[in-house]
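# Breakdown of the fold
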Amino acid sequence: MNDMWMIRVPASTSNLGPGFDSIGMAVDRFLELTVTPADQWFFKGCTPELESLPTGKDNLLYEVADKLARAQGVSLEEFPHHVAVDSNIPLARGLGSSASAIVAAIELVNQIGQLNLSKEEKLRIASLEEGHLDNVAASVYGGLIIGSHREECTDLIHIDKLDDIAFVAVIPTYELKTSESRKVLQDHFSRQEAVEASSVANTLVAALCTTNWVLAGKMMELDLFHEKARSALVPELQLVRKAAKAAGAYGTFLSGAGPTTLSMVPVKAAQDIAAALHEVVPNAEVTILKPELQGATVCDMKEASLLK
Ligand SMILES: Nc1ncnc2c1ncn2[C@@H]1O[C@H](COP(=O)(O)OP(=O)(O)OP(=O)(O)O)[C@@H](O)[C@H]1O
Ligand SMILES: N[C@@H](CCO)C(=O)O
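Looking at an unreviewed UniProt entry, one finds the protein named Homoserine kinase and attributed to Aureibacillus halotolerans. Recorded in UniProt for the protein, the comment headed Catalytic activity (unreviewed entry) runs: "L-homoserine + ATP = O-phospho-L-homoserine + ADP + H(+)". Reading the Sequence similarities (unreviewed entry) entry of the UniProt record for the protein gives the comment "Belongs to the GHMP kinase family. Homoserine kinase subfamily."

And the structure:
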């Protein structure tokens, strides 16, 4: 890569209701790193939100990159770079900002250290770093991913037949850290609860894989793994769900650990459903997101200008 180059990583939603920690989808918001050789490492946030993040080696991007570099026998110290960090993925809203940073960091080391990591290797490294695969896998692969991350192995299926659907996102002004949102989760399920919860998840997967959006939307609203426990942290979830369904949405779910809610909708109805939801939650940002089929990419600045 010549003097200046770019890493572009899509945002992601995850869970999609009952696909807890195992289903993710990339959406058309992006983290973009512009990387230039320099005499020391420096991370410059290009938005007010990102300007609040560390500029040095305590930035998550460097922390993840350095951990991988050391494991691969690469010394980042010897290859300092200036990294301009731009992103329209809000922090702590359930749209995978930290996951996009983890994936970007892996791409950074892969490029600087000329590691030639495969997508599967990037997936494994990112899933081990994040602790679950849903957001990071969607950011690596793009599209829809359905997978299982276990101590010994990470497996997934990648789906990119996602025509005719969009998401109406309701992004509240308040933050909800994933770490906080995971603290309220139920630790134990009875056999009957586990069987019912997994039956809903299995049917969601089958519906997504066969583009049966009506059935997928129904299953998205029947989660038993996490949304009930989290509804106290995101009080508007039921209100949005009811209003979105009345306006023609397939279904509404908590995006990742929240607080953003996503309503899966027919593309042609997206604008009308967004207007209906804006009425219901006037203080939140209501916006339309589309599935993003392109996963993380590294390119020179000429190619980068074509991506916009
Ligand atoms: N684009 C980024 N660049 C550098 N560091 C980031 C970036 N996004 C997130 N981080 C780091 O990760 C931490 C957690 O990220 P975030 O605040 O987005 O919450 P989250 O709950 O992990 O994820 P989500 O964004 O899905 O809600 C942040 O406090 C920040 O230190
Ligand atoms: N599956 C994770 C996603 C976090 O972004 C959770 O729900 O906690």
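Additional details are given in the paragraphs that follow.
### Concerning the site of ligand 1
The full set close to ligand 1 counts 17 residues, and Gly94, Ser97, Ser98, Lys177 and Thr178 are the nearest of them. Within the side chain of serine 97, a nitrogen or oxygen atom sits 2.8 Å from a nitrogen atom of ligand 1. The contact in question runs from an oxygen atom of ligand 1 to an N or O atom on the side chain of lysine 177, over 2.7 Å. Considering ligand 1 on its own, with 600 Å² of exposed area, one finds that the protein chains cover 83% of that surface.

### Considerations on the site of ligand 2
Near ligand 2 the following residues occur: Ser14, Asn15, Phe20, Asp21, His132, Asp134, Asn135, Thr178, Arg182, Arg230, Gly256 and Ala257. A distance of 2.8 Å separates a nitrogen atom of ligand 2 from a polar side-chain atom of asparagine 15. Of all the elements in the fold, those that place two or more residues in the shell around ligand 2 are strand 1 (5-15), strand 2 (19-37), helix 5 (134-141) and helix 6 (178-183). In this structure, the shell around ligand 2 is formed jointly by two domains, domain 1 (5-160 + 292-305) and domain 2 (165-289), each of which donates at least three residues.

### Some words on the confidence of the model for the protein
On average, the protein scores 96 in pLDDT, and the residues at 70 or more come to 99%. The ipTM assigned to the predicted complex is 0.98, against a pTM of 0.97.

### Observations regarding the domain arrangement of the protein
Parsing the protein into structural domains produces domain 1 (5-160 + 292-305) and domain 2 (165-289). Using only C-alpha atoms to locate each centre, domain 1 and domain 2 end up separated by 24 Å. Every contact between the two is made by 25 residues of domain 1 and, on the other side, 36 residues of domain 2. Buried area between domain 1 and domain 2, both sides added, is near 2200 Å², and the carbon and sulfur share of it is 66%. Our count for the contact surface shared by domain 1 and domain 2 stands at three salt bridges. Here glutamate 175 makes a salt bridge to arginine 93, at a shortest N to O gap of 3.8 Å.

### Details of the packing of aromatic side chains
Under the definition given, this model contains five aromatic pairs. Aromatic pair tryptophan 41 and phenylalanine 43: ring centres 5.9 Å apart, planes at 10 degrees, arrangement stacked. Side by side, tryptophan 41 and phenylalanine 43 carry an identical accessibility label, which is buried. Look at phenylalanine 189 and phenylalanine 225: their rings are 5.9 Å apart centre to centre, the planes differ by 75 degrees, and that puts the pair in the edge-to-face class. A residue pair is termed long-range when its members are at least 10 positions apart, and phenylalanine 189 in the loop between helix 6 and helix 7 (191-209) and phenylalanine 225 in the loop between helix 8 (213-220) and helix 9 (227-230) qualify at 36 residues.

### A closer look at the side chain of arginine 29
By secondary structure assignment, the location of arginine 29 is in strand 2. Within polar-contact distance, the side chain of arginine 29 engages the backbone oxygen of asparagine 88 at 2.7 Å. Those residues in contact with arginine 29 that sit more than four places away from it in its chain are Val9, Pro10, Ala11, Asn88, Ile89, Pro90, Ile171, Glu285, Thr287 and Leu289.

### Quick notes on the UniProt feature "domain: GHMP kinase C-terminal" (unreviewed entry) in the protein
Taking the numbering used here, the UniProt-annotated feature "domain: GHMP kinase C-terminal" (unreviewed entry) corresponds to residues 205-282. Taken end to end, residues 205-282 is 49% helix and 13% strand, and its two terminal C-alpha atoms sit 33 Å from one another.

### Quick word on unusual backbone geometry
Of all residues except glycine, most have a negative phi; of all peptide bonds, most are trans. Cis geometry is adopted by the peptide bond preceding proline 259, which originates at glycine 258 and carries an omega value of 5 degrees. You will see that asparagine 15, though not glycine, has its phi angle at about 75 degrees, which is positive. In this structure, asparagine 15 sits in strand 1. One non-glycine residue, alanine 92, adopts positive backbone phi at about 55 degrees.

### Quick look at helix 5
Within helix 5, eight of the eight residues are buried, leaving the element largely enclosed by the surrounding structure. All buried positions along helix 5 are accounted for by Asp134, Asn135, Val136, Ala137, Ala138, Ser139, Val140 and Tyr141. Note on helix 5: the residue one or two positions beyond its end, glycine 142, has a positive phi of about 80 degrees.

Criteria and cut-off values
- Residues numbered from 1 in each chain as written.
- Chains lettered and ligands numbered in written order.
- Predicted model: local features only at pLDDT ≥ 70, side-chain atom pairs only at ≥ 80, totals over all residues.
- Heavy atoms only, no water.
- UniProt positions renumbered as here; feature names shortened; annotations may be inferred.
- Near = heavy atom within 4 Å.
- Polar contact = N/O pair within 3.5 Å; in protein donor to acceptor, adjacent residues only side chain to side chain.
- Areas by Shrake-Rupley, 256 points an atom, 1.4 Å probe, with all protein chains shown as cover.
- Helix = DSSP H or I, 4+ residues; strand = E, 2+ residues; numbered from the N terminus.
- Domains from an automatic or database assignment.
- pLDDT = per-residue confidence, 0-100.
- Contact = heavy atoms within 4.5 Å.
- Buried area = accessible area lost by both parts, 1.4 Å probe.
- Salt bridge = Lys/Arg side-chain N within 4 Å of Asp/Glu carboxyl O.
- Phe/Tyr/Trp six-rings, centres within 6.5 Å; stacked < 30°, edge-to-face > 60°.
- Buried < 20%, exposed > 50% of the residue type's maximum accessible area, 1.4 Å probe, protein only.

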